[in-house]
Amino acid sequence: MSLKIVVLAKQVPDTRNVGPDAMTEQGTINRAALPAVFNPEDLNALEQALRLKDQFPGSTISVVTMGLPKSAEVVRESLYRGADEGFVVTDRTLGGADTLATSYTLAQAIKKVGNYDIILCGRQAIDGDTAQVGPQIAQKLGLTQVTYAEEILSLDEKARKVVIRRLIDGGVETVEAPLPLVVTVNGSAAPCRPRNAKRVMKYKNATAVAERAPEAAEKYAALIAEKPYLNIAQWGAADIEADPAQIGKAGSPTNVKAVKNIVFKAKESRTLTASDEDVEGLIKELLEGKIIG
Amino acid sequence: MNNVFVYCEIEGTTVKDVSLELLSKGRKLADTLGVQLECICAASGIDGIEKQVFPYGVDKVHVFDAEGLFPYTTNPHASLVINLFKEEQPQICLMGATVIGRDLGPRISAATHSGLTADCTELEIDSFEMSIGGVKKFYENQLCQIRPAFGGNIVATIVNPEHRPQMATVREGVMKKEIKDVNYKGEVVKHDVAKYVPEAEYVVKVLERHVEAAKNNLKSAPIVVAGGYGMGSKENFDMLFELAKELHGEVGASRAAIDAGFVADHDRQIGQTGLTVRPKVYIACGISGQIQHIAGMQDSGIIISVNNDPDAPINAIADYVINGNVEEVVPKLIKYYKANNK
């Protein structure tokens, strides 16, 4: 049996390495100062998908991403590592989406991909850390879910059941769940395999329409006529039959009321040096005050 | 109708601390709004569970007691909360930012088309004027959900005035657990589970389950020695374990130190997406002090910062700042503690 696997991936600003120039003087985010990366836990999800594909030859992996046109980069990266096809959902009307509008949009895109057996994504994205989109998609598609997954232990093709080890608060559990379902993969799962050199050669010129310079349109048309796999499918809101009231800002119940830059109220603090006198003096003071001891 | 709800997490037959903390917060929000505090308890064999929650000021407990509701699985719990909310129309719903709360909350928000804010560090009620979709309106008594965002450079206040319930998750230890009145009595409603959870929802089977008590004592340790990215290596981090051992304290870490692999133990992470601690003494070594980290330790008694950057943000909230390299200062702290603690 072969499986149809959908992997959701997001291109995110690398908030793990935020420098002092991450904010502009106006207090807005300086996106230019933050490199865009493949959301780390989505790579863990891709690896679980690739393992299923290894185990069930003939399975296909479809990667779906939503974002700016350049988020096609995560699709290319997935193709390099073993995914079969990718879809970029990009549209001006999708901007300003909170998790609920995002999950609606992705659920619509997944419906268009269709016939899925299992949908895998990272537990959460590092730019928001909310962990909401996976379960919201499951709810919208009427599927069950296994969150915080560490490993897909087995998949029974006849019974259409999958056994998964997942994290719980203070421990682990093993669950059996029916297909189709949504699985969100935790960062403690196996890391993703590296790029395959042959696949990099094959897919390095794969692009989505929005990435192509208009003057190069003819060149790309010729290229894709010869090698159709170099076209990364691009969908707008209309292509996925999205209800305009449920996408972007309009489809987002949450509103940002205020954003504050952080200014710590300075305490009266004592500054010491690393000298022996200073350090010993501090220790003695803390001991005498019975603060330590 | 339109009350404040808390979804209570239950391990076996015991309501978890994170839920009791949320009940305390929920009580205050309900008082401000002049409404009642209600909670949901769903598990197996939980007769008398109300005794655990009434002291926190609960006015009504919704009990769902049936086989299959413990251990937690997604669909039955989601189904009973969604169906109960159709009847009760709560204005606010709080959950723990735990594995269960983060599994369940998004499904409720998707089903009710309501906003959900993750990992809030403060919750308050406010009235304000706001323009949504180009229409300016005055909104009274809204839940302001406050959380650090975007690499900790900003704190955002999130509101969802046009949708109900207003939902938020909060990590364990962020809110304070406070008994309202040991003799507080509310109403107990025992629901017919089958009416809320169709048989077909029991789709996931838990085959095996291991829950261990916390491996460290960070939450209640009087002294915490915490290391950040500035510790530079796993070997340097070992010095912190030595210092903590001498001081009878525990070792914590910033997210950056854990991401860098300096300490393997993820449950030592202190901050918005980790633990919140309130020790008597907090020694921050090589921690710059992003707001996410500060959120998890700012209520510590005495804060000592060891950092070679005199402008590290954490120094602003420290009582003592030692300007120096951790490799030099930490061994001296150990040495002089040993020498003087006789």
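Rules of the game
Residues numbered from 1 in each chain as written. Chains lettered and ligands numbered in written order. Predicted model: local features only at pLDDT ≥ 70, side-chain atom pairs only at ≥ 80, totals over all residues. Helix = DSSP H or I, 4+ residues; strand = E, 2+ residues; numbered from the N terminus. Buried ≥ 20, exposed ≤ 12 C-beta atoms within 10 Å, placed from the backbone. Contact = placed C-beta atoms within 7 Å. Rg over C-alpha atoms; globule rule 2.2 N^0.38 Å. Nonpolar A, V, L, I, M, F, W, Y, C, P; charged D, E, K, R; others polar. Pairing = 2+ DSSP bridges. Domains from an automatic or database assignment. Expected span 1.5 Å × (residues − 1). Axes fitted to C-alpha atoms, helices over the stretch in contact; angles between N-to-C directions. Parallel < 35°, antiparallel > 145°, perpendicular 65-115°, else oblique. Left-handed = near helix turned anticlockwise from the far one by under 90°. Core = buried A, V, L, I, M, F, W, Y, C linked by C-beta atoms within 7 Å.

Thoughts on the overall build of chain A
And step 1. Within chain A, the secondary structure is distributed over seven helices and 14 strands.
And step 2. In terms of principal-axis extent, the alpha carbons of chain A reach across some 80 × 50 × 45 Å.
And step 3. In chain A, which comprises 293 residues, the share counted as buried stands at 46%.
And step 4. Nonlocal contacts in chain A, meaning residues at least 24 apart in sequence, comprise 71% of its contacts between residues at least 6 apart.

Points about the overall build of chain B
And step 1. Each helix and strand in chain B was counted, giving nine helices and 18 strands.
And step 2. Computed over C-alpha atoms, the radius of gyration of chain B comes to 22 Å, within 12% of the 20 Å expected from 2.2 N^0.38 for 342 residues, which places it in the range of a compact globule.
And step 3. Structurally, chain B occupies a C-alpha span of about 65 × 50 × 40 Å along its principal axes.
And step 4. Residue pairs in contact within chain B that sit at least 24 positions apart in sequence constitute 66% of those at least 6 positions apart.

Some details on the interface of chain A and chain B
And step 1. Each partner contributes residues to the interface: chain A has 64 residues there, and chain B has 74 residues.
And step 2. Those elements that place two or more of their residues in the side of chain A that touches chain B are α3 (99-113), α4 (133-141), β7 (144-156), β8 (161-168), β9 (171-178), β13 (255-261), β14 (270-273) and α7 (276-288) of chain A.
And step 3. It is β9 of chain A that provides the largest number of residues to the side of chain A that touches chain B, a total of eight residues.
And step 4. When the residues that make up the side of chain A that touches chain B are grouped by side-chain class, the tally is 31 nonpolar, 19 polar and 14 charged.
And step 5. Here β9 of chain A pairs with strand β13 (residues 205-211) of chain B via six bridges, running antiparallel. If you follow Glu176 of chain A over to β13 of chain B, its bridge partner there is Lys205 of chain B.

With respect to the domain arrangement of chain B
And step 1. Looking at chain B, the domain boundaries give domain 1 (4-118 + 163-201) and domain 2 (218-340).
And step 2. Once you take the C-alpha centre of each, domain 1 of chain B and domain 2 of chain B turn out to be 35 Å apart.

Details of helix α1 (residues 17-33) of chain B
And step 1. Counted at 1.5 Å a residue, the expected span for α1 of chain B with its 17 residues is 24 Å, and the 24 Å between its end C-alpha atoms agrees.
And step 2. Of the residues one or two after α1 of chain B, Gly34 of chain B is the one with positive phi, at around 70 degrees.

Quick word on the pairing of β8 of chain A
Residues and elements named next belong to chain A.
And step 1. The two faces of β8 differ: Val162, Ile164, Arg166 and Ile168 on one face are buried, but Lys161, Val163, Arg165 and Leu167 on the other face are not.
And step 2. Two elements, β7 and β8, share six bridges in a ladder whose sense is antiparallel. Looking across to β8, one finds that Ala149 is bridged to Arg166.
And step 3. Here β7 hands over to β8 after four residues, with Arg160 in that stretch at a positive phi of 50 degrees.
And step 4. Pairing of β8 with β9, which is carried by eight bridges, proceeds in the antiparallel orientation. Bridged to Ile164 within β9 is Val175.
And step 5. Count of turn residues in the β8/β9 antiparallel hairpin: two residues, of which Gly170 carries a positive phi of about 75 degrees.

Focus on the sheet that holds strand β14 (residues 223-227) of chain B
And step 1. Taken together, six strands build an open sheet; the order of strands is β14(A)-β18(B)-β17(B)-β16(B)-β14(B)-β15(B) and the sheet is parallel. At either end of the open sheet lies a strand with only one pairing partner, and these are β14 of chain A together with β15 (250-253) of chain B. On average, each strand axis in the sheet is tilted by 20 degrees relative to the strand beside it, whichever way the strands run.
And step 2. One ladder, built from four bridges, connects strand β17 (residues 302-307) of chain B with strand β18 (residues 320-323) of chain B; its direction is parallel. The residue bridging Val306 of chain B from the neighbouring strand is Ile322 of chain B, located in β18 of chain B.

Notes on the sheet that holds β8 of chain A
And step 1. Within the open sheet, the eleven strands sit side by side as β11(A)-β12(A)-β5(A)-β4(A)-β1(A)-β6(A)-β10(A)-β7(A)-β8(A)-β9(A)-β13(B). Their pairing is mixed. In this open sheet, the two edge strands, each paired with only one partner strand, are β11 (207-208) of chain A together with β13 of chain B.

Quick notes on the pairing of strand β8 (residues 122-132) of chain B
And step 1. For β8 of chain B and strand β9 (residues 135-149) of chain B, the ladder comprises ten bridges, and the chain directions are antiparallel. Across the sheet, residue Phe128 of chain B finds its bridge partner in β9 of chain B, namely Tyr139 of chain B.

Observations concerning the packing of helix α3 (residues 74-88) of chain B against helix α4 (residues 99-112) of chain B
Residue and element names in this part refer to chain B.
And step 1. Two elements in contact, α3 and α4, have axes separated by 10 Å at closest approach and are oriented at 40 degrees. In this view, α3 runs oblique relative to α4, as classed from their interaxial angle. α4 is crossed by α3, and the crossing has right-handed handedness. Together, Thr74, His77, Ala78, Val81, Ile82 and Phe85 of α3 and Asp103, Leu104, Arg107, Ile108, Ala111 and Thr112 of α4 make up the contact between the two elements.

Comments concerning unusual backbone geometry
And step 1. Cis geometry marks the peptide bond from Phe70 of chain B to Pro71 of chain B, where omega comes out at -5 degrees.
And step 2. Positionally, Pro71 of chain B belongs in the loop between β5 (60-65) and α3.
And step 3. In this structure, the amide linkage connecting Arg164 of chain B to the following residue, Pro165 of chain B, adopts the cis form with an omega of -5 degrees.
And step 4. Following the sequence through the fold, Pro165 of chain B ends up in the loop between β10 (154-159) and β11 (166-170).
And step 5. The phi dihedral of Ala131 of chain A is positive, around 60 degrees, even though this residue is not glycine.
And step 6. As for its placement among the helices and strands, Ala131 of chain A is situated in the loop between β6 (118-122) and α4.

Describing the nonpolar core
And step 1. Membership of the largest hydrophobic core comes to 130 residues, with the highest contact counts inside it found for Val7 and Leu120 of chain A together with Cys39 and Cys41 of chain B.
And step 2. Among the elements that make up this core, the one with the highest residue count is α3 of chain A (seven residues).
And step 3. Among residues more than four places away in sequence, those in contact with Cys39 of chain B are Phe5, Val6, Cys8, Leu23, Val53, Val58, Val61 and His62 of chain B.
And step 4. With 52 residues, the next largest nonpolar core counts Ala253, Leu275, Tyr282 and Ala318 of chain B among its residues.

Side note on the environment of Arg81 of chain A
Residues and elements named next belong to chain A.
And step 1. Mapping Arg81 onto the fold places it in helix α2 (residues 72-81).
And step 2. Overall, the presence of 22 C-beta atoms within 10 Å leaves Arg81 in the buried class.
And step 3. For the pair Arg81 and Lys198, spaced 117 residues apart in the sequence, the C-alpha separation amounts to 9.9 Å.
And step 4. Apart from residues lying up to four places away in sequence, Arg81 is in contact with Leu46, Leu50, Cys192, Arg193, Arg195 and Asn196.

Structural notes on the packing of α3 of chain A against α4 of chain A
Residue and element names in this part refer to chain A.
And step 1. Running from N to C, α3 and α4 cross one another at 55 degrees; their axes reach a closest spacing of 9 Å. Judged by the angle between their axes, α3 and α4 are oblique. As for the relative orientation of α3 and α4, their crossing is right-handed in sense. Between α3 and α4, the residues in contact are Thr99, Leu100, Thr102, Ser103, Tyr104, Leu106, Ala107 and Ile110 and Val133, Gln136, Ile137, Lys140 and Leu141, respectively.

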